[in-house]
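Topology and contacts: notes
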Amino acid sequence: MADKNLTTEIARRRTFAIISHPDAGKTTITEKLLLYGGAILEAGSVTAKEGRSHTKSDWMSIEQQRGISISSSALTFEFSGRHINLLDTPGHQDFSEDTYRTLTAADSALMVLDAARGVQTQTEKLFAVCRNRGIPILTFVNKMDRPAQDPFELLEQIENILKITVVPLTWPIGDGPDFKGVYDLQTKQVLAFERTAGGKQRAPMQTAGLDDPKLVGLVGADLAAKLRHDVELITAALPEFDAAEFLSGELTPVFFGSAMNNFGIEHFLSNFVELAPPPGPTETNLGEREPEAPFAGFIFKLQANMSKQHRDRTAFMRVMSGHFERGMDVTHTRTGRKLRLSQAHTLFAQDREKVEDAYPGDIVGLVNPGVFQIGDVISVNGKVVLPSFPRFTPETFATIGLRDVGKRKAFMKGLQQLAEEGVVQVFYPTDGARDPYLGAVGPLQFEVFQARLLEEYGVDVEMNVTSYQLVRWLAGDANSVARFARHVEDDQGRPVMLFRSKYDLSYTQEQHPEIEFLPLPKDLTRV
Ligand code: G4P
């Protein structure tokens with residue numbers, strides 16, 4: 001039987017990630033969540049914008065130059081007796097596999113939308129990853145203090161584009177300069193918004209029911225009448241919140257607010273801790289592993305050279321079951337190697353705090369002695385492995401050339417280590433004469449690769465993005481297709497061909513019926 005403390009710790013864990021299009025307000029919301037979680041006293045200390053202090057995860061110089069957060073780590077805070085792990089996912093226009101992999105360590109996701117822009121391309125892609133995993137998604141419509149789309153239209157858009165049932169739990173009263181607050185559809189109370197200078201302190205709130213004579217005084221006669229009308233329409237036309245549908249990822253509860261003005265965040269957070277699930281079982285080769293089982297964890301992200309003081313490689317592990325204690329002896333299940341986990345820490349940029357204990361849902365950084373690969377499992381009992389861990393099909397390809405041929409050895413080492421981290425995927429020409437192609441989900445990955453190769457391995461490379469956009473795996477003997485220049489091999493030696501467009505692919509299929517194209521390998525996920 002699981003010990004009582006373990007059961008309690010599991011029940012109070014909430015591990016989630018924020019998904020959003022750049023600029024929707026993810027950084028601002030993160031900051032305000034930490035404010036309510038008591039992790040920071042005044043907002044403004046974690047914003048990643050230039051001229052301000054950086055988020056604690058902004059440790060790489062390329063990130064600092066660009067003022068964006070490229071790699072992910074976890075922020076932890078307590079709220080209402082719950083222990084919350086917020087996985088930091090990058091929100092830049094281009095994104096990397098890293099973002100997707102981080103989502104595999106989350107038990108739920110918060111989708112942040114800009115009230116004027118609604119669902120945007122990046123939201124769609126990240127949403128698709130959460131959808132594939134079937135994790136519950138909550139929605140926060142941000143920037144209500146700016147002119148916004150009609151809330152009914154916004155909900156329809158979410159439903160139509162993302163094919164998910166939407167149920168508002170709050171409802172906005174006005175927008176832009178007329179934004180007066182939200183109506184809590186569950187407690188039937190108006191939470192009135194008061195602008196505070198810069199939104200730095202917790203926003204004050206006043207409440208009044210729909211029939212409360214104070215309502216008109218709070219929001220004005222027009223908005224009060226509109227609100228009563230909207231609520232009637234919502235009650236008549238929209239489904240009720242259904243917890244089971246939410247937990248299976250088919251329904252998203254929607255909240256409205258303004259992160260910058262610190263409005264709606266605390267309300268969201270109190271709902272979040274009640275609605276979002278604690279860590280559940282993990283699918284493994286030995287069946288579902290319950291969080292109460294003895295300790296096991298999986299590696300979802302690798303990072304080399306996290307800081308200049310500590311030139312090492314870190315493996316990020318999510319505890320999937322049991323009680324993790326620093327210094328414990330575990331088995332690395334892929335190799336059978338015994339490891340002692342004495343170098344474990346939580347990572348907050350360059351600051352490291354030693355981790356003594358961790359529970360399911362928690363993220364622990366392990367110093368990687370070179371044994372860990374993404375998807376690896378460590379455990380105290382049983383040869384547990386994960387059935388598959390997603391890699392993502394690259395959609396952009398670059399050629400790479402070494403500027404100083406004397407650096408070939410360092411180049412190959414950097415290439416191998418950064419590929420292992422998932423910074424890029426490598427495709428090798430079969431004739432061995434040319435340099436490899438790099439594949440990525442977004443072109444920013446190439447810049448990161450180039451910068452890190454220079455900074456960490458002292459290797460200067462030239463990179464050119466090609467017009468290839470598609471990759472397909474081929475059956476059979478690689479020699480049969482060797483005459484095609486764009487024929488390459490993946491890192492496991494499987495024959496692969498690159499294409500410039502869907503048309504290019506179908507034309508090649510027509511012209512060369514002798515080539516057999518395979519469905520995507522199991523370890524690759526399309527987004
Ligand atoms: P991101 O991490 O999703 O990219 O978004 P971020 O929080 O950096 O927010 C993007 C911009 O939107 C920032 O403005 C931020 O201040 C603003 N913003 C966030 N939430 C709200 C909101 O509720 N209302 C309004 N009106 N604006 C909001 P910026 O001009 O790019 O930067 P800054 O100079 O304000 O830092």
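No experiment lies behind these values; they were computed from the predicted model shown.

**Things to note about the packing of aromatic side chains**
A complete count under the given rule lists 17 aromatic pairs for this structure. Ring geometry for Phe255 and Phe268: centres 5.2 Å apart, planes at 85 degrees, overall edge-to-face. Here Phe268 lies in helix H10 (residues 265-275) and Phe255 lies in strand E11 (residues 251-256), a separation of 13 residues in the sequence. Note on Phe255: relative accessible area 1%, which makes it buried. Judged by its relative accessible area of 1%, Phe268 falls in the buried class. Between Phe295 and Phe324 the ring centres are 5.5 Å apart and the planes differ by 55 degrees, which places this aromatic pair in the tilted class. With a gap of 29 residues between them, Phe295 in the loop between strand E13 (287-289) and strand E14 (296-304) and Phe324 in strand E16 (residues 324-325) connect regions that are remote in the sequence. Each member of the pair, Phe295 together with Phe324, is buried.

**Thoughts on the sheet that holds strand E3 (residues 82-87)**
Here seven strands make up an open sheet; going across it, the order is E2-E3-E1-E4-E5-E11-E6 and the pairing mixed. One side of each edge strand has no neighbouring strand; the edge strands of this open sheet are strand E2 (74-79) and strand E6 (165-168). Across the sheet, the mean angle from the axis of one strand to that of its neighbour is 30 degrees, orientation sign disregarded. Two strands pair when backbone bridges link them, and strand E1 (residues 13-20) and E3 are joined in this way by five bridges, in the parallel orientation. Across the sheet, Thr15 pairs through a bridge with Asn85, a residue of E3. Helix-sheet contacts for helix H6 (residues 151-162) involve strand E4 (108-114), strand E5 (137-142), E6 and E11, and the interaxial angle to E6 is about 155 degrees.

**Concerning the pairing of strand E18 (residues 337-340)**
Sheet topology note: the strand E17 (residues 329-332)/E18 ladder contains four bridges and is antiparallel. Looking at the pairing, Val330 lines up with Leu339 of E18. As consecutive antiparallel partners, E17 and E18 are separated by four residues, and within that stretch Gly336 has a phi angle of approximately 80 degrees, a positive value.

**Digging into the sheet that holds strand E10 (residues 205-208)**
Within a sheet, adjacent strands bond to each other through the backbone by hydrogen bonds, running parallel or antiparallel. The four strands are arranged E7-E8-E9-E10 in an open sheet whose pairing can be described as antiparallel. If you trace the sheet from one side to the other, it starts and ends with strand E7 (170-173) and E10, each paired once. Strand-to-strand twist across the sheet, computed as the mean angle between neighbouring axes with direction ignored, equals 25 degrees. The strands that helix H8 (residues 221-237) touches are E7, strand E8 (181-184) and strand E9 (189-193); relative to E7, the one it contacts most, it runs at about 150 degrees.

**Remarks on the pattern of salt bridges**
A full pass over the atoms with the stated rule returns 16 salt bridges. Measuring nitrogen to oxygen at the nearest pair gives 3.5 Å for the salt bridge that ties Arg117 to Asp114. Judged by relative accessible area, which is 54%, Arg117 ranks as exposed. A network of salt bridges, in which partner residues are shared, links Glu9, Arg12, Arg13, Glu78 and Asp362.

**Focus on H6**
If you check H6, its first and last C-alpha atoms are 16 Å apart, about what twelve residues at 1.5 Å a residue would give, namely 16 Å. Burial in H6 covers these residues: Pro151, Leu154, Leu155, Ile158 and Leu162. Down the axis of H6, the sector holding all buried residues measures 100 degrees, keeping them to one side. Taken together, the buried residues of H6 touch E4, helix H5 (121-133), E5, E6, E7 and E11. In this structure Asp150 caps H6, since a side-chain oxygen of it lies 3.1 Å from the backbone nitrogen of Phe152. Phi turns positive one or two residues past the end of H6, at Lys163, with a value near 55 degrees.

**Quick look at the environment of Phe268**
Placed 99 residues apart in sequence, Phe268 and Leu169 show a C-alpha to C-alpha distance of 9.5 Å. Excluding residues that lie within four positions of it along the chain, Phe268 makes contacts with Leu33, Leu110, Leu138, Phe140 and Phe255.

**Focus: a negative patch on the surface**
Judged by side-chain charge, Asp150, Glu153, Glu156 and Glu159 come together as a negatively charged surface patch. For Asp150, the location among the structural elements is in the loop between E5 and H6.

**Focus on the side chain of Thr508**
Inspection of the secondary structure assignment puts Thr508 in helix H13 (residues 502-511). Look at Thr508 and you get buried, because its relative accessible area is 3%. If sequence neighbours within four positions are ignored, Thr508 has contacts with Arg486, Met497 and Phe499.

What counts as what
Residues numbered from 1 in each chain as written. Predicted model: local features only at pLDDT ≥ 70, side-chain atom pairs only at ≥ 80, totals over all residues. Heavy atoms only, no water. Phe/Tyr/Trp six-rings, centres within 6.5 Å; stacked < 30°, edge-to-face > 60°. Helix = DSSP H or I, 4+ residues; strand = E, 2+ residues; numbered from the N terminus. Buried < 20%, exposed > 50% of the residue type's maximum accessible area, 1.4 Å probe, protein only. Pairing = 2+ DSSP bridges. Axes fitted to C-alpha atoms, helices over the stretch in contact; angles between N-to-C directions. Contact = heavy atoms within 4.5 Å. Salt bridge = Lys/Arg side-chain N within 4 Å of Asp/Glu carboxyl O. Expected span 1.5 Å × (residues − 1). Arc of directions from axis to C-beta. Polar contact = N/O pair within 3.5 Å; in protein donor to acceptor, adjacent residues only side chain to side chain. Patch = residues over 30% accessible without salt bridge, like charges linked within 9 Å, V, L, I, M, F, W, Y side chains within 5 Å. Areas by Shrake-Rupley, 256 points an atom, 1.4 Å probe, with all protein chains shown as cover. Lys, Arg positive; Asp, Glu negative; His and termini not counted. Charge placed at Lys NZ, Arg CZ, Asp CG, Glu CD.

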